[in-house]
Amino acid sequence: LASTFDDIPYELRSLSLYMSMFPYGYKFDKDRPVMKWLCEDLTDDWDEWRNVEDAADAENYFFQLVDANVITLMAASYKSSQDEAEASQWHVNHFMQQFLASKSAETGFAFTGATLNLEAASATGHGNKTRIRRRLSVHHSDPCLPSLFKKIDLSQTRSLAVSGTISRIPFDKFNLVVLDLEGWENLEDDDLQQVCRSKMIFLQYLSVRNTQVKKLPDEINELCSLMMLDLRGT
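What counts and what doesn't
- Residues numbered from 1 in each chain as written.
- Predicted model: local features only at pLDDT ≥ 70, side-chain atom pairs only at ≥ 80, totals over all residues.
- Heavy atoms only, no water.
- Patch = residues over 30% accessible without salt bridge, like charges linked within 9 Å, V, L, I, M, F, W, Y side chains within 5 Å.
- Areas by Shrake-Rupley, 256 points an atom, 1.4 Å probe, with all protein chains shown as cover.
- Salt bridge = Lys/Arg side-chain N within 4 Å of Asp/Glu carboxyl O.
- Helix = DSSP H or I, 4+ residues; strand = E, 2+ residues; numbered from the N terminus.
- Buried < 20%, exposed > 50% of the residue type's maximum accessible area, 1.4 Å probe, protein only.
- Right-handed = clockwise from strand over helix to strand, strands pointing away.
- Pairing = 2+ DSSP bridges.
- Core = buried A, V, L, I, M, F, W, Y, C linked by side-chain atoms within 4.5 Å.
- Contact = heavy atoms within 4.5 Å.

**Student:** Break down a nonpolar patch on the surface for me, citing the residues and quoting the values.
**Tutor:** Together, L216, L229 and L231 line one region of the surface with nonpolar side chains, adding up to about 200 Å² of accessible area. Take L216: it is sitting in the loop between β7 (205-207) and β8 (228-230).

In structure tokens, the structure reads:
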């Protein structure tokens, strides 16, 4: 797996690590990662690489990751389409995703609830300075998360993905560019209203797909940079 990752073109390695933010076994349409890549500024302090500049670039990168077996085809849908790729569902190669999650935690590219706990414990125990948490992915309920969110600085987190049965998220502590809440069982209309009132002036991508949200608050127009709003399955 390490050799496979090392063989991926340099400019694609960060996009590969980005795939570790999906829940294990998650099936997705091609447009989901493509739109997220387009909306997020993926340049990091620890790594320099080419930005995704347009949809053609993003789609090309997607299929390069398919060729590298990072992303694999699940099954074509029954909907007819002239382009088979558009009617297909994909997932991250299971073994590769485990490797990417480990690599992502090692480099500080993206954090999970588990790695946040480890990072906080390490900093407390040895006086180490914590790394900037630019990306955060929480898909599993953890009783430590609410207290952890109160303690740590989340103001520099730019991408947040939440799903499953996670409890409430303090959105007022974030200044996000990408917010992916697809499949978050506990998302309520009040949470979405809090997102819109949180002064996220840089938020470009917001997904509440497959949630129980019933209406958009009037404050949605305060998200002045919003480019993509996914409401499917609501």
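Don't stop here, the text continues.
**Student:** Give me the lowdown on the pairing of strand β5 (residues 159-162), citing residues and values where you can.
**Tutor:** Alternating residues of β5 divide into S159 and A161 and L160 and V162, and every residue in both groups is buried. Since strand β4 (residues 135-138) and β5 lie parallel, the crossover through helix α7 (residues 145-151) that links them has a hand, and here it is right-handed. The sheet contact formed by β5 and strand β6 (residues 178-180) spans three bridges and is parallel. When the sheet's bridge partners are listed, S159 is paired in β6 with V178.

**Student:** Run through the pattern of salt bridges, naming residues and quoting values.
**Tutor:** Applying the stated criterion to the full structure yields eleven salt bridges. The partner of K36 in a salt bridge is D180, and the shortest N-O contact between them spans 3.0 Å. Of this pair, K36 sits in helix α3 (residues 31-39) while D180 sits in strand β6, placing them 144 residues apart in sequence. In this structure, a network of salt bridges that share partners links the residues D29, D31, R209, D230 and R232.

**Student:** For the nonpolar core, give the residues involved together with the corresponding values.
**Tutor:** Judged by nonpolar contacts, the single largest core of 32 residues is most densely connected at M19, F28, W37, L65, V70 and I71. Elements represented by at least two residues in this core include exactly α2 (13-18), α3, α4 (55-67), β2 (88-92) and α5 (94-107). Per element, the largest residue contribution to this core is four residues, and it comes from α4. Each residue touching F28, except ones within four places of it in the same chain, is listed here: M19, F22, P33, F62, I71, S88, Q89, W90, H91 and V92. Grouped together as the second largest cluster of nonpolar side chains are 31 residues, V162, I169, W184 and V195 included.

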